[in-house]
Amino acid sequence: MPSETADPAEATVVALTPMTAEHLRSYLDLRLSAEGTGQFQWFGFKSPAAMRRRFEEDGCIGPDGGLLSVMLAAEWAGTVEWFPGLWGPAATSRCWTIAIGIVPALRGRGIGTQAQRLLARYLFDHTRAERIQAWTDVANLAEQRSLSRAGFHEEGTLRRAQWRGGAWHDQKIYSRLRED
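S.K.: Go over the overall build of the protein with me, naming the residues and quoting the values.
M.R.: Looking only at helices and strands, the protein features 5 helices and 9 strands. Beginning at the N terminus, the succession of helices and strands in the protein can be written as β-β-α-α-α-β-β-β-β-α-β-α-β-β. Across the 180 residues in the protein, those meeting the buried criterion constitute 44%. Look at the contacts in the protein between residues 6 or more apart in sequence, and 57% of them connect residues 24 or more apart. Per element, the accessible surface of the protein, about 9,800 Å² overall, is 52% carbon and sulfur.

Okay, here's the thing in structure tokens:
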């Protein structure tokens, strides 16, 4: 899987790897914790059993998307995921939408930027994707900076596009094209 140096001064290597059973446990623990859900990540409870079944079936990587571990050297640092986005008929207007979750204690170190850049490169190298997109809450300035640094371009604001925490939230949408 791809890897990149996050900070040349520290020679810290960020890599994407398939999920392991240990990574899945860490992911589920983080997803269910108050620290992990944070301000922008809480979408309500979901079944951990469904995620375990998915891991047993396909390792969380399939033709309709996937979930990879973000590794900081040998330390599990979070996950990146991709799923289909549609702008018309699926046969002609499909792209990938990506998402990321980094362990709160490791945020602010450039790990997310490197991981999103690596995931975009992986998807362009191994799928027919022409467009990869991501969106984030208008108040999530750190993720907006991360996407820009990873080579994504801001396209605009999606008004009241996401229901979370009992309210509608505006989202900033970003994209990266194969030619970028």
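S.K.: If you had to explain the pairing of strand β5 (residues 75–86) to someone new, which residues and values would you point to?
M.R.: With 7 bridges joining them, strand β4 (residues 65–72) and β5 adopt antiparallel strand pairing. Following the sheet pairing, serine 69 is matched in β5 by threonine 79. From the end of β4 to the start of β5, which pair antiparallel, there are 2 residues, and alanine 73 there has a positive phi angle of about 55°.

S.K.: Could you give an account of the packing of helix α1 (residues 21–32) against helix α3 (residues 48–58), with specific residues and numbers?
M.R.: The description of two packed helices rests on the angle between their axes and on the distance between the axes. For the pair α1 and α3, interaxial distance at closest approach is 11 Å and the crossing angle is 160°. Relative to α3, the element α1 lies roughly antiparallel. The two elements α1 and α3 cross, and the hand of that crossing is right-handed. Across the interface between the two elements, Ala21, Leu24, Tyr27, Leu28 and Leu32 of α1 pack against Pro48, Met51, Arg52 and Phe55 of α3. When the residues that make up the contact of α1 with α3 are grouped by side-chain class, the tally is 8 nonpolar, no polar and 1 charged.

S.K.: I'd love a proper account of the layout of surface pockets, names of residues and values included.
M.R.: Considered as a void within the structure, the second largest pocket measures approximately 220 Å³ in volume. Every residue along the wall of the second largest pocket is listed here: Ala91, Thr92, Ser93, Arg94, Cys95, Trp96, Thr127, Arg128, Ala129 and Glu130. For the lining of the second largest pocket, the residue count by class is 4 nonpolar, 3 polar and 3 charged.

S.K.: Tell me about the pattern of salt bridges, and name the residues and values.
M.R.: Scanning all chains against the criterion turns up 6 salt bridges. With its nearest N and O atoms 3.1 Å apart, the salt bridge here joins arginine 54 to aspartate 58. You can see arginine 54 and its partner aspartate 58 sitting in helix α3, 4 residues apart, about one turn around the helix. Residue class for arginine 54 comes out partly exposed when judged on its relative accessible area of 28%. Across the pair arginine 178 and glutamate 130 runs a salt bridge whose closest N-O atoms are separated by 4.0 Å.

S.K.: Before we move on, could you go through unusual backbone geometry and cite the residues and values that matter?
M.R.: The phi dihedral of alanine 73 is positive, around 55°, even though this residue is not glycine. Here alanine 73 lies in the loop between β4 and β5. The exposed category is assigned to alanine 73, whose relative accessible area is 60%. Look at arginine 160: it is not a glycine, yet its phi comes out positive at around 45°. As for its placement among the helices and strands, arginine 160 is situated in strand β8 (residues 153–164). Taking relative accessible area as the criterion, arginine 160 reaches 62% and is therefore assigned exposed.

S.K.: Any details on the environment of tyrosine 174? Residues and values, ideally.
M.R.: With respect to the element layout, tyrosine 174 can be found in strand β9 (residues 167–177). With near-sequence residues (within four places) excluded, tyrosine 174 lies in contact with Ile132, Gln133, Ala134, Thr136, Gln144, Leu147, Ser148, Phe152, His153, Glu154 and Glu155.

What counts, and at which threshold
- Residues numbered from 1 in each chain as written.
- Predicted model: local features only at pLDDT ≥ 70, side-chain atom pairs only at ≥ 80, totals over all residues.
- Heavy atoms only, no water.
- Helix = DSSP H or I, 4+ residues; strand = E, 2+ residues; numbered from the N terminus.
- Buried < 20%, exposed > 50% of the residue type's maximum accessible area, 1.4 Å probe, protein only.
- Contact = heavy atoms within 4.5 Å.
- Areas by Shrake-Rupley, 256 points an atom, 1.4 Å probe, with all protein chains shown as cover.
- Pairing = 2+ DSSP bridges.
- Axes fitted to C-alpha atoms, helices over the stretch in contact; angles between N-to-C directions.
- Parallel < 35°, antiparallel > 145°, perpendicular 65-115°, else oblique.
- Left-handed = near helix turned anticlockwise from the far one by under 90°.
- Nonpolar A, V, L, I, M, F, W, Y, C, P; charged D, E, K, R; others polar.
- 1 Å grid on protein atoms, 1.4 Å probe; cavity = no way out; pocket = protein on both sides within 12 Å on 5 of 7 lines; lining within 4 Å.
- Points joined across faces, edges and corners; volume = space filled by probe spheres on them.
- Salt bridge = Lys/Arg side-chain N within 4 Å of Asp/Glu carboxyl O.

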